[in-house]
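# A structural walkthrough
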Amino acid sequence: GAGVSQSPRYKVAKRGQDVALRCDPISGHVSLFWYQQALGQGPEFLTYFQNEAQLDKSGLPSDRFFAERPEGSVSTLKIQRTQQEDSAVYLCASSLFSRGLNNEQFFGPGTRLTVL
Amino acid sequence: EDQVTQSPEALRLQEGESSSLNCSYTVSGLRGLFWYRQDPGKGPEFLFTLYSAGEEKEKERLKATLTKKESFLHITAPKPEDSATYLCAVQAGGATNKLIFGTGTLLAVQP
């Protein structure tokens, strides 16, 4: 079956612009995660949804970052008034269950954001 | 504070030269330890989940093991196509389901 897909794959924004990044999880997956990955680093957690409920947003770096998953499937990560330090790869992951065994997270290819 | 440390940062092997990658962790109530492979320009690809000390899992030339403080990813007779960054992550107990990643080990296998 299809994996996690993300769009766009690459985004160049001028400082101060707003951007929206889209994630299509694997069909039927309950949990959805957003991570930020800087060059040469491991992914860092941003936020977590269980169906449409945002249960953990402790990793969002500022109030310029906002995520939603209104119907419990597709999710959008929005960054307002982008800054150069926002430049990174944004990864989306989904998992079938929220707890217990077999809750491994499957990642999409990421969106590389460059803020000029 | 939950933390994951991977070593070495980079490893260069000759084809067929077996070795191990290390992942040390401190976490409040380990729910699971995950290994991923990441190729340049791609998202992490799931390899293994380990849940309790003493557990081992194998896939082709890779074998992952877990103790109470660390995990090892053993690579037997590697091939050039095994070249990638290998990421280790832990999922802590409690309400959160987030993964906490290490910085990865960049593996290069030369023919």
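Once a new chain begins, its residue numbering starts again from 1 and follows that chain's sequence as written. For naming, the first written chain is A and the first written ligand is 1, with later ones following in the order written. A pLDDT threshold of at least 70 governs which residues receive local features in this predicted model, and a stricter bar of 80 or more applies before side-chain atom pairs are shown or counted, although totals over entire chains, interfaces and linings include all residues. To obtain the side-chain values, all non-hydrogen atoms of the structure were used and water was disregarded.

## Here's the deal with the overall build of chain B
Summing up its helical and strand segments, chain B has zero helices and eleven strands in all. Along chain B, from the amino end to the carboxyl end, the secondary structure elements read β-β-β-β-β-β-β-β-β-β-β. Compactness check: chain B gives a C-alpha radius of gyration of 14 Å against a globular reference of 13 Å for 111 residues, within 12% of the reference. With the C-alpha coordinates of chain B rotated into their principal frame, the extents come out at 45 × 30 × 20 Å. Counting contacts in chain B only where the partners sit at least 6 residues apart, residues at least 24 apart contribute 55% of the total. The accessible surface values rely on the Shrake-Rupley method and a 1.4 Å probe; as for residues, cover is taken only from the protein chains in view. For chain B, the accessible area works out to roughly 5,200 Å², and carbon and sulfur atoms hold 50% of it. Numbering of helices and strands runs from the N terminus, with a helix taken as a DSSP run of H or I at least four residues long and a strand as a DSSP run of E at least two residues long. As defined in this context, the radius of gyration uses C-alpha atoms, and a globule is described by 2.2 Å times the residue total to the power 0.38. Only heavy atoms enter the contact rule, under which two residues are in contact if any of them lie within 4.5 Å.

## Remarks on the interface of chain A and chain B
Chain A puts 24 residues into the contact, and the matching count from chain B is 22 residues. As used here, buried area is the combined drop in accessible area, with a 1.4 Å probe, of two parts when they are placed together. Summed over both partners, the interface of chain A with chain B buries about 1,700 Å², with 50% contributed by carbon and sulfur atoms. Secondary-structure elements contributing two or more residues to the side of chain A that touches chain B are β4 (31-37), β5 (44-50) and β10 (106-107) of chain A. Examining the composition of the side of chain A that touches chain B, we find that three residues originate from one element, β4(A), more than from any other. Gly counts as polar in this scheme, as do all residues outside two lists: the nonpolar Ala, Val, Leu, Ile, Met, Phe, Trp, Tyr, Cys and Pro, and the charged Asp, Glu, Lys and Arg. Of the residues that constitute the side of chain A that touches chain B, the class distribution is ten nonpolar, ten polar and four charged.

## Regarding the sheet that holds strand β7 (residues 65-68) of chain A
All names here are of chain A. Strand order across the open sheet formed by four strands is β1-β3-β8-β7, with antiparallel pairing between neighbours. Among the strands making up the open sheet, the edge pair consists of β1 (5-7) and β7. Across the sheet, the axes of successive neighbouring strands diverge by a mean angle of 15 degrees, strand direction being ignored. Here β1 runs beside strand β3 (residues 19-24); their pairing, made up of three bridges, is antiparallel. Looking across to β3, one finds that Ser7 is bridged to Arg22. For two strands to count as paired, DSSP must find a minimum of two bridges between them. As a rule, the C-alpha atoms of each element are fitted with a line to give its axis, helices using only the stretch in contact, and angles between N-to-C directions run from 0 to 180 degrees.

## Some thoughts on the layout of surface pockets
Considered as a void within the structure, the largest pocket measures approximately 690 Å³ in volume. For each structure, a 1 Å grid was placed over the protein atoms alone; sets of points admitting a 1.4 Å probe that cannot get out are labelled cavities, open sets with protein on both sides within 12 Å along at least five of seven lines are labelled pockets, and lining residues have an atom within 4 Å of a point. As for the largest pocket, its lining consists of 34 residues, and the residues nearest its centre are Gln37(A), Leu39(A), Gly40(A), Gln38(B) and Pro40(B). By residue class, the composition of the lining of the largest pocket is 15 nonpolar, 14 polar and five charged. Estimates place the volume of the second largest pocket at around 310 Å³. Lining the second largest pocket are 17 residues; nearest its centre among them are Pro43(A), Glu44(A), Phe45(A), Ile100(B) and Phe101(B). Counting residues per element, the ones that place at least two in the lining of the second largest pocket are β5 of chain A together with β10 (99-101) of chain B. Looking at the lining of the second largest pocket residue by residue, the classes come out as six nonpolar, seven polar and four charged. Grid points are joined across faces, edges and corners, and a volume is the space filled by probe spheres set on the points.

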